[in-house]
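Architecture and fold: a report
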Amino acid sequence: MTKETKKWWEGMAKYYQEECKIPIDIHYGPGSPNEKELKLLGNLKGKNILEIGCGGAQCGIAMAKQGAKVTGIDISKEQLNFAKELAKKNKVKIKFIQGDIRDLKPIKSNSQDIVFSAFALHYVDNLSKCFKEVYRVLKKNGIFVFSFDHPFSRVIDSKNLKVKESYFKTGKITKVFSDKTKKFVRYTYKLSDLHNTLVDWGFIVEKLIEPDSRKKYSYDPWYGLWDYTPKLLKMIPPTIIFKARK
Ligand SMILES: C[S@@+](CC[C@H](N)C(=O)[O-])C[C@H]1O[C@@H](n2cnc3c(N)ncnc32)[C@H](O)[C@@H]1O
């Protein structure tokens, strides 16, 4: 439920930004090369880009620096406050909207060249609703590029590398922390769920990228943090990237 996710991110924004120190860059997630290496987005000058689940907007800011007209949407006020300050510091203009990415009401239909998202969609309980909205706001031939935590990596224990749960178990996962005030909620999908939901709404999936996480990328702020252990990254990519076209 979005209420739980919002609460989590309002409480975690400060810690998350301080812990990760995410550089201004178009990143795709732990163990992944950045846009400079992957070249999925093309020339950004003058492009209308919507970043969904923008968080601190490190990606959106990097896009704006390349001449894109960026709108960032996030559900968390605290994440957006951080993003606004960072955009100001970097002297770029970005339109920020606080909202739920399952409903992109503030965005006009057929208005965006690119919809982008890095590591945010696993917080969404109804990806179908979200993908439908992304399809609506994209111009014809517009692209939807998003990264997601690789559905295989979540079933492996990051320390002993043993399979810890069934890949077929999808849906809501709740983790309650020891002081019981913090509740982390995320949603799991199979690879085929992601692919087929895109296809069902009319997207053409052009690329599916499983980044080589055996390498350490000097700009990767998540390497070694939390479950992103070097041991796991050597065996399985924690990130998967889709490029789909309307
Ligand atoms: C792991 S952070 C990633 C932020 C940013 N994309 C990045 O790469 O650093 C996930 C973000 O998704 C946002 N989020 C989660 N569910 C959302 C929803 N339903 N609508 C809008 N934002 C959401 C959270 O508030 C959080 O800022």
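Residues numbered from 1 in each chain as written. Predicted model: local features only at pLDDT ≥ 70, side-chain atom pairs only at ≥ 80, totals over all residues.

Section: helix α4 (residues 77-89)
With 13 residues, α4 should cover 18 Å at 1.5 Å per step; its first-to-last C-alpha distance of 18 Å lies within 8% of that length. Those residues of α4 lying buried are Q79, L80, F82, A83 and A87. When α4 is viewed along its axis, its buried side chains cluster within an angular range of 160 degrees and face the same direction. Every exposed residue of α4 that faces more than 90 degrees away from the buried side is listed here: E85, K88 and K89. Elements in contact with the buried residues of α4: α1 (2-20), α3 (58-65), β2 (69-74) and β3 (95-98). At the C-terminal side of α4, K91 shows a positive phi close to 55 degrees. (Helix = DSSP H or I, 4+ residues; strand = E, 2+ residues; numbered from the N terminus. Expected span 1.5 Å × (residues − 1). Buried ≥ 20, exposed ≤ 12 C-beta atoms within 10 Å, placed from the backbone. Arc of directions from axis to C-beta. Contact = placed C-beta atoms within 7 Å.)

Examining the sheet that holds strand β8 (residues 204-209)
Taken together, 7 strands build an open sheet; the order of strands is β3-β2-β1-β4-β5-β9-β8 and the sheet is mixed. The open sheet has two edge strands, β3 and β8, and neither has a second partner. Pairs of neighbouring strands in the sheet enclose a mean axial angle of 15 degrees, with direction left out of account. Alignment of β2 against β3, held across 4 bridges, turns out to be parallel. Bridge pairing in β3 places I73 opposite I97. Across the sheet, α4 is in contact with β2 and β3; its angle to β3 comes to roughly 170 degrees. (Pairing = 2+ DSSP bridges. Axes fitted to C-alpha atoms, helices over the stretch in contact; angles between N-to-C directions.)

Regarding the site of the ligand
Looking at the ligand, there are 23 residues lining it, with G53, G55, I75, A120 and Y123 nearest. Contributing elements (two or more residues each) for the shell around the ligand: α1, α3 and β2. In terms of residue count, α1 provides more of the shell around the ligand than any other element does, 3 residues in total. Of the residues in the shell around the ligand, the class split is 12 nonpolar, 8 polar and 3 charged. (Near = placed C-beta within 6 Å. Nonpolar A, V, L, I, M, F, W, Y, C, P; charged D, E, K, R; others polar.)

Quick word on the pairing of strand β9 (residues 239-245)
Counting buried positions over the 7 residues of β9 gives 5, a clear majority of the element. Here strand β5 (residues 138-149) pairs with β9 via 7 bridges, running antiparallel. Pairing of F144 across the sheet is with A244, part of β9. Bridge count for β8 against β9 is 5 bridges, and the pairing is antiparallel. Paired with V205 across the two strands is A244, which belongs to β9.

Things to note about the environment of K129
For K129, the position within the fold is in helix α5 (residues 127-137). Each C-alpha atom of the pair K129 and R154 lies 23 Å from the other, and the pair is 25 residues apart in sequence.

Remarks on the packing of α1 against α4
Orientation of α1 relative to α4, taken along the N-to-C sense of each, is 35 degrees, at an axis distance of 7 Å. Taken together, the residues of α4 that come into contact with α1 (itself represented by W9, E10, A13, K14 and Q17) are K77, E78, Q79 and F82. Residue classes in the contact of α1 with α4 are distributed as 3 nonpolar, 2 polar and 4 charged.

By themselves, these are just geometric observations and shouldn't be taken as functional.
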